[in-house]
There are 2 protein chains.
Amino acid sequence: MTLREKAGQLNQRMYGWDAYRRTPDGGFELTEALYAETERFAGLGALYGLMRADAWSGVDHSTGPGSGDGAALADLVQRHVMERSRLGIPALFVEEVPHGHMALDGTVLPVNLAVGATWDPELYERAAAHAAAELRARGGHVALVSALDIARDPRWGRTEECFGEDPSLAARLTEALVRGMQGEVGAVGEVAEAGEAQDGLFADDKAPVVLKHFAGQGATVGGRNSAESELGLRELHEIHLPAARAGVRAGAAAVMAAYNEVDGMPCCGNRALLHGLLRESWGFRGLVMADGLAVDRLARITGDKVAAGALALNAGVDLSLWDEGFTHLEEAVERGLVGEDVLDAAVARVLSLKFRLGLFERPYSADRSAQPPSPDRGRALSTALARAAVTLLHDDGGVLPIRPGVSRIAVLGPHAATTAHQLGDYTAPQRPGTGSSVLDGLRRLAPENADIRHARGCALTGDDRSDIPEAIAVAAASDLAVLVLGGSSARTSGTEFGANGAALTAVSEMTCGEGADLAGLRLGAAQHALLDGVTATGTPTVVVLIQGRPHAVPEAADRAAALLTAWYPGPWGGEAIAQILLGRAEPTGRLPVSVPRSAAQLPVHYNHKDIEYGAYVDESAEPLYSFGHGLSYTSFAYGRPRLAQRTVDVDITNTGQRHGRTVAQLYIRRLLTPVWPRTLELRAFQGVDLAPGEQRTVTFSLGADQLVQVGADLETGVLPGTLEIRVAESARAALTAVPVVLRIDE
Amino acid sequence: MTLREKAGQLNQRMYGWDAYRRTPDGGFELTEALYAETERFAGLGALYGLMRADAWSGVDHSTGPGSGDGAALADLVQRHVMERSRLGIPALFVEEVPHGHMALDGTVLPVNLAVGATWDPELYERAAAHAAAELRARGGHVALVSALDIARDPRWGRTEECFGEDPSLAARLTEALVRGMQGEVGAVGEVAEAGEAQDGLFADDKAPVVLKHFAGQGATVGGRNSAESELGLRELHEIHLPAARAGVRAGAAAVMAAYNEVDGMPCCGNRALLHGLLRESWGFRGLVMADGLAVDRLARITGDKVAAGALALNAGVDLSLWDEGFTHLEEAVERGLVGEDVLDAAVARVLSLKFRLGLFERPYSADRSAQPPSPDRGRALSTALARAAVTLLHDDGGVLPIRPGVSRIAVLGPHAATTAHQLGDYTAPQRPGTGSSVLDGLRRLAPENADIRHARGCALTGDDRSDIPEAIAVAAASDLAVLVLGGSSARTSGTEFGANGAALTAVSEMTCGEGADLAGLRLGAAQHALLDGVTATGTPTVVVLIQGRPHAVPEAADRAAALLTAWYPGPWGGEAIAQILLGRAEPTGRLPVSVPRSAAQLPVHYNHKDIEYGAYVDESAEPLYSFGHGLSYTSFAYGRPRLAQRTVDVDITNTGQRHGRTVAQLYIRRLLTPVWPRTLELRAFQGVDLAPGEQRTVTFSLGADQLVQVGADLETGVLPGTLEIRVAESARAALTAVPVVLRIDE
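Residues numbered from 1 in each chain as written. Chains lettered and ligands numbered in written order. Predicted model: local features only at pLDDT ≥ 70, side-chain atom pairs only at ≥ 80, totals over all residues. Heavy atoms only, no water.

Looking at an unreviewed UniProt entry, one finds chain A named Glycoside hydrolase family 3 C-terminal domain-containing protein, with Streptomyces himalayensis subsp. aureolus as its source organism.

See the structure below:
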């Protein structure tokens, strides 16, 4: 290969939607832009977002590929690439799959924060497998998946993309994601430990993943998107790396180097992180992709983009995204800024991934056997995840599930009758009629005699209160009000975007998503007024929050008879919520993040260092709702844990009148230890379904994942010491749970 | 010395106020508690707070030592100690001197945050020298001084004890503090660089300082007092260590190891910090004292206090404060937890400090020549600092200085007519009539025809609005309103304290100080209502904030004609404020911290990493007022900087009609650099007094202090690269100032 051909393999320069246009006959044709790109490098390394459709790309059902013609478009592009490549090297088609394939007709899943609330890796693994199969059937190859960001500041608009605040919960869900999407292909990292082949081929319905973002992006200061971090290496290792390490162990094909800086250097230029830690310590042999335009940002300190590209390549980046820097790698080698051996190693990783996908033998979708998976199965999995995520935070009035005698139900609020805002960021336009709102779900599932009335009340944002009186009147005339409030990451055509797709100006009702950080964590002012007005009627009010972050709405905790959060539950979230409100399903969600009382008390995590702190003069320092919290329609009793060797048994009993699922959470609390401990650390969990009166013994094994610690010199292992094991229904409950003590000797 | 005698030298166990009581004849007698303590160790290492008087100690003018009898009490205690000590080793008397000697009759200075606002190390050095002389004349030996904490989160109640958010500003003021208090005694650290004697004796009017706190205490999460830190080592080195390093270079006799944890270990148990960095890298040969009860806290991970004491001693702590752990050092040595050689080294440091104070030859105050310094000089210095600290934030109406024609002046607000809340934390009870409020100052200094009326309006805290109408009426009937609002660190007898003196419950009007953290950064609700009501009258309103942290009061910026902050200006602050309001002095203060718009946008510093970030959806990410900002009654023009070798010249002209002082601030902005830079870094400043029309050339030398950088592996030095030099009146102004570029070659 020539130097130019090699450099070409490391570039992922174009937006995929610029590569094609619709022809008058409804087909597709390729563009001069694509021709220019393949000409420039005599081929094409990778193409981003060929299927992407959203407000940023401007692609919709009239212009973009759907489930019926996506594969044909992919093959059209691939044929052109193969023709331009002297050596016949196919391109990688890289697609966004943060919660389902973000393409027209792709099955939208609940966002990661909702997935975190399910505490159900097995269910998520099946949903991830479905998404990969959809992607591959459409001609896509590689899935960009959110997984590694840890939600440490709810002001951040990308909190929705996190599995939560806890490293162990995120690690288990990341493993499930990798297993679901990639199938069994052998681990790419941890060679010595895994002892497995690293070069397994991907099945035709499986997709290699790019885990994003590596590393520490959830810790940027002030919850500001892709801003700086003051993150120390200990915090990085203890909180932000475990999910990445678990994903690498599970065999993840690639990681995406993040925008943020860690210990003095942005991840894309951070050789200590990408090379020293990821490749050398962890034995990772997969691909490192840069986040969009992150390489070019390095020119701030290198002085030009050629040197920026060299810095990134030397640091460990293999494949760029949209950057100019990597287009000059030929010059960088010639100027001596980077060795050709370094370039060769990166090229080998890109080619290896193409090989593992079978692209050299079968470059075209038409060659492959994968059939599109059933849309009904996709819908069922999405709905199941949504249902499992809905979390009952309080039910002081005992109003839930809604009793049959409750006939007049007011369904109110800006989220009540629309699915547009329950989808999360990235989402492609939905075909009319897709999904169900809470109002849809209640109308379909409520008893026939139910009198369901709706008023929107207000918009998600702003302070227009003109429609609030109508909503109050409807509430006053009802036996129960269901008030659906929250936020939105829905982008509209008026949004301005940066070159990397992040929102520059949040318009319309968008207060969340990439580029939409929210300082005050409050809902729109009119929503608060609506909450005040509806609860003041005296009609028992169930507040449902649909949101991509925990908002601070302590008023709802005070005034609502019951409070639930569904996060962004996806298109069929309304159906799932209605099932739970009506008692057709049990609430099983548990909080993957602590819910703050206000932005002023941030940060609020359960797993802070173990220091006694009372309160601020003006506010508690404790969260409103604890990590791990979630009520059931029944109740559970946990027995004293019993320790035998490295096994803990706990008897759990359903002490109520209904079937239910509790999530048994195993926390450790270190006593004698070489470094200052956190108050509690979640290290294992199990969902347990129990019939009324049923008792079961849950067994946890205490292996390296449960006992591992980051020692004084950041060495990671099972260190001598003593620790308590506590099993409870939430982090707060664990504080007073009866412990057993485990001693770990030298 | 026996092992027990050695251990005794490392203990500072008692509260000094428990060592004596007043006799009916007005003298003092010693207590059984002191006898027991000296008996236990056959002597006494150090005694804390013999002169302390405050709500915590319960000492007041009826029970405690004043300026007239403090020395006699000290000698009484010392005589007892000498008698009980087999080897005749005198005790160290250690006193709180955070802003003047915190004892009855001690001259109270403005708090450190106000000192930071002066940007005047020379003035501060003189005030520090005065405080040391007062301390020594009273029989005290060692001064505990706040200096090293950097204000990174204004929610922290100890923000008032910081010189501000900037490491260079803090470093220059720490040097001034050390020079002022200790005089010329030779450097204790940086042997190789300084090449000076390290064992110089302290003059009789000088006091060795304990710089507190080492290190990183300003970075605890959430602004929570002595809580955990997620601080990384880079942030520690770049932001939190420079003041300590400067203080060590200047010869500081001791540092206090902080409560907070750094990289996995509380400072008192952190050998990497106390030994590796402080002693080995920096060459520090002085004493390390633990913060109060900080050693015992280590028992959380060691399992018992004996091991906690051993851990602290091994880590580098020489002298404890109130801990039980250090009382068991004899047992710790016998159990083999710590070597006797380690103990011996610590004892040698304690004895060395006693020797340097001349205590072996002249243990008693009566032996020494120091005369009490003049109280009038103390008052003059305190007032000068207060005057220099008052900072004019805006004057949109041009209402200041108050014109002679303004005759009816309303002086309003809970701070207007009292000095009780302008003193800051730690402060001893003041004798009646000490100091002046803003009302006092205006009444004394305003033209004779001025009609000055006062109404308090409301209390500092709470929402009692009953007196607000009266204040509004007074405002409405006046030509100008001076509204004095703010916070308070004044402790009352109802306050509950922890064993270390931190407030456990903030009662009365206390919202600041040690243990009083404020999540929302808001004034009491009634103060906001008072502000609304007074400004709504249409009477031009000058708002003066007296506070120990920047509160978020954007309403004042919007509605007041002019806004000033005086921080806690000390007893004579009202006089200083009145001088400035009336134009008898010029406003010269500059902000040592960024002023946030709200708690929701924290953190807000000028010297964040250089990342573009627009804004939150609901709020700007920029501060309301920038670091370095402060207006004058005149105006200044800055010329283009000229660079010749390592010298920068800037022409500055007073372009207004009045005399004034500008603070020329030199910032660097790194361009080509091995680690990601901050947007700006203050590296030098000079106050420049100019008559109307006068021009002067200010010259800055660019030495190691200006160019030093923390490199990729935390190595600290002048590294190759290019950088811009900008000279401006604030950090915000520096962003658009014309730069000169300096290239630093290998």
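So that's the structure; there's more coming.
**Observations concerning empty space enclosed by the protein**
All chains considered together, the criterion is met by 16 cavities of 30 Å³ or more. Along the wall of the largest cavity there are 34 residues; nearest its centre are V221 and E230 of chain A together with V221, E230 and P603 of chain B. At the level of elements, α8 (233-240) of chain A together with α8 (233-240) of chain B are the ones that each hand at least two residues to the lining of the largest cavity. Classifying every residue of the lining of the largest cavity by side-chain character gives 12 nonpolar, 12 polar and 10 charged. (1 Å grid on protein atoms, 1.4 Å probe; cavity = no way out; pocket = protein on both sides within 12 Å on 5 of 7 lines; lining within 4 Å. Points joined across faces, edges and corners; volume = space filled by probe spheres on them. Helix = DSSP H or I, 4+ residues; strand = E, 2+ residues; numbered from the N terminus. Nonpolar A, V, L, I, M, F, W, Y, C, P; charged D, E, K, R; others polar.)

**Description of a nonpolar patch on the surface**
Nonpolar side chains collect at one region of the surface, where L201, F355 and F360 of chain A lie side by side and expose about 280 Å² of accessible area between them. Tracing the backbone through its elements, the reader meets L201 of chain A in the loop between α7 (191-194) and β6 (209-214). (Patch = residues over 30% accessible without salt bridge, like charges linked within 9 Å, V, L, I, M, F, W, Y side chains within 5 Å. Areas by Shrake-Rupley, 256 points an atom, 1.4 Å probe, with all protein chains shown as cover. Salt bridge = Lys/Arg side-chain N within 4 Å of Asp/Glu carboxyl O.)

**As for the UniProt feature "domain: Fibronectin type III-like" (unreviewed entry) in chain A**
When the UniProt feature table is mapped to this numbering, "domain: Fibronectin type III-like" (unreviewed entry) covers residues 662-731 of chain A. The distance from the first to the last C-alpha atom of residues 662-731 of chain A is 14 Å, and the span holds 7% helix and 54% strand. (UniProt positions renumbered as here; feature names shortened; annotations may be inferred.)

**With respect to the packing of helix α5 (residues 121-137) of chain B against helix α16 (residues 375-389) of chain B**
Residue and element names in this part refer to chain B. With their axes 10 Å apart at the nearest point, α5 and α16 run at an angle of 145° to one another. The handedness of the crossing between α5 and α16 comes out as left-handed. For the pair α5 and α16, contact is made by L123, Y124, R126, A127 and H130 and by R377, G378, L381, A384, L385 and A388, respectively. Its residues assigned to classes, the contact of α5 with α16 shows seven nonpolar, two polar and two charged. (Axes fitted to C-alpha atoms, helices over the stretch in contact; angles between N-to-C directions. Left-handed = near helix turned anticlockwise from the far one by under 90°. Contact = heavy atoms within 4.5 Å.)

**Quick notes on the relation of the copies chain A and chain B**
Once chain A has been moved 0.0 Å along the axis and rotated by 180°, it coincides with chain B to within an RMSD of 0.0 Å. Viewed as a symmetry operation, the transformation between the two copies matches a two-fold axis. Among all C-alpha atoms of chain A, that of G232 of chain A lies closest to the rotation axis, at 1.6 Å. (Least-squares fit on C-alpha atoms with pLDDT ≥ 70 in both.)

**Focus: the packing of aromatic side chains**
In total, this model carries 30 aromatic pairs over all chains according to the counting rule given. Note on Y15 of chain B and W17 of chain B: the rings are 4.8 Å apart at their centroids and 5° apart in plane angle, and the pair reads as stacked. By relative accessible area, which is 22% here, Y15 of chain B ends up partly exposed. Note on Y15 of chain B and W56 of chain B: the rings are 5.2 Å apart at their centroids and 75° apart in plane angle, and the pair reads as edge-to-face. With a gap of 41 residues between them, Y15 of chain B in the loop between α1 (3-9) and β1 (20-22) and W56 of chain B in the loop between β3 (46-48) and α3 (70-84) connect regions that are remote in the sequence. Judged by its relative accessible area of 14%, W56 of chain B is buried. The structure contains a cluster of three or more aromatic residues connected by ring pairs, namely Y15, W17, Y48, W56 and W322 of chain A. Geometry around Y364 of chain A places R79 of chain A over its ring, the cationic atom sitting 4.2 Å from the centre. (Phe/Tyr/Trp six-rings, centres within 6.5 Å; stacked < 30°, edge-to-face > 60°. Buried < 20%, exposed > 50% of the residue type's maximum accessible area, 1.4 Å probe, protein only. Lys NZ or Arg CZ within 6 Å of the ring centre and 35° of its normal.)

**With respect to the interface of chain A and chain B**
Of the residues lining the interface, 61 residues belong to chain A; the matching set on chain B comes to 61 residues. Across the chain A/chain B interface, buried area totals approximately 4,700 Å², and carbon plus sulfur atoms make up 54% of it. Of all residues in chain A, the largest losses of buried area upon contact with chain B belong to R224, R300 and W676 of chain A, amounting jointly to 17% of the total for that side. Of the charged contacts, one joins E261 of chain A and K609 of chain B as a salt bridge, the two residues approaching to 2.3 Å between their closest N and O atoms. At the level of elements, α8, β9 (265-266), α12 (299-302) and β22 (660-670) of chain A are the ones that each hand at least two residues to the side of chain A that touches chain B. (Buried area = accessible area lost by both parts, 1.4 Å probe.)

**Points about the sheet that holds strand β27 (residues 721-728) of chain A**
The strands making up a sheet associate through hydrogen bonds between their backbones, and the pairing can be parallel or antiparallel. Residues and elements named next belong to chain A. Ordered by their spatial adjacency, four strands build an open sheet running β23-β22-β27-β28, and the pairing between neighbours is antiparallel. Each edge of the open sheet carries a strand with a single partner, namely β23 (681-690) and β28 (740-744). Taken pair by pair, the neighbouring strands of this sheet meet at an average axis angle of 25°, ignoring direction. Here β22 runs beside β27; their pairing, made up of six bridges, is antiparallel. Within the sheet, the bridge partner assigned to Q665 lies in β27 and is A728. (Pairing = 2+ DSSP bridges.)

**Section: helix α13 (residues 305-315) of chain B**
All names here are of chain B. Within α13, eight of the 11 residues are buried, which leaves the element mostly enclosed by the surrounding structure. Of the residues making up α13, those classed as buried are V306, A307, A308, G309, A310, A312, L313 and A315. Looking at the packing, one finds that the buried side of α13 touches α10 (271-281), α11 (294-297), α12 (299-302), α14 (329-334) and α15 (340-356). G316 lies just past α13 and shows a positive phi near 135°.

**Thoughts on the packing of helix α6 (residues 167-182) of chain A against helix α9 (residues 242-249) of chain A**
Residues and elements named next belong to chain A. Where α6 contacts α9, the two axes come as close as 8 Å, and the packing angle between them is 25°. In terms of orientation, α6 lies roughly parallel with respect to α9. For the pair α6 and α9, the crossing hand works out as right-handed. Here α6 contributes P167, A170, A171, R172, T174, E175 and V178 to the contact with α9, which in turn contributes P242, A243, A246 and G247. Of the residues assigned to the contact of α6 with α9, the class counts are seven nonpolar, two polar and two charged. (Parallel < 35°, antiparallel > 145°, perpendicular 65-115°, else oblique.)

**Section: the pattern of salt bridges**
Pairing between side chains of opposite charge can happen when their charged atoms approach one another. For the structure on display, the rule yields 98 salt bridges over all chains. D54 of chain A is the partner of R52 of chain A in a salt bridge, and the nearest nitrogen-oxygen pair spans 3.0 Å. In terms of burial, R52 of chain A and D54 of chain A fall into one category: buried. R349 of chain B is the salt-bridge partner of D318 of chain B, the closest N and O atoms lying 2.6 Å from each other. A residue pair is termed long-range when its members are at least 10 positions apart, and D318 of chain B in the loop between α13 and α14 and R349 of chain B in helix α15 qualify at 31 residues. Accessibility expressed as a relative area gives 1% for D318 of chain B, which makes it buried. It is possible to trace a salt-bridge network through shared partners that takes in R152, R234, E235, E238 and R678 of chain A together with D263 of chain B.

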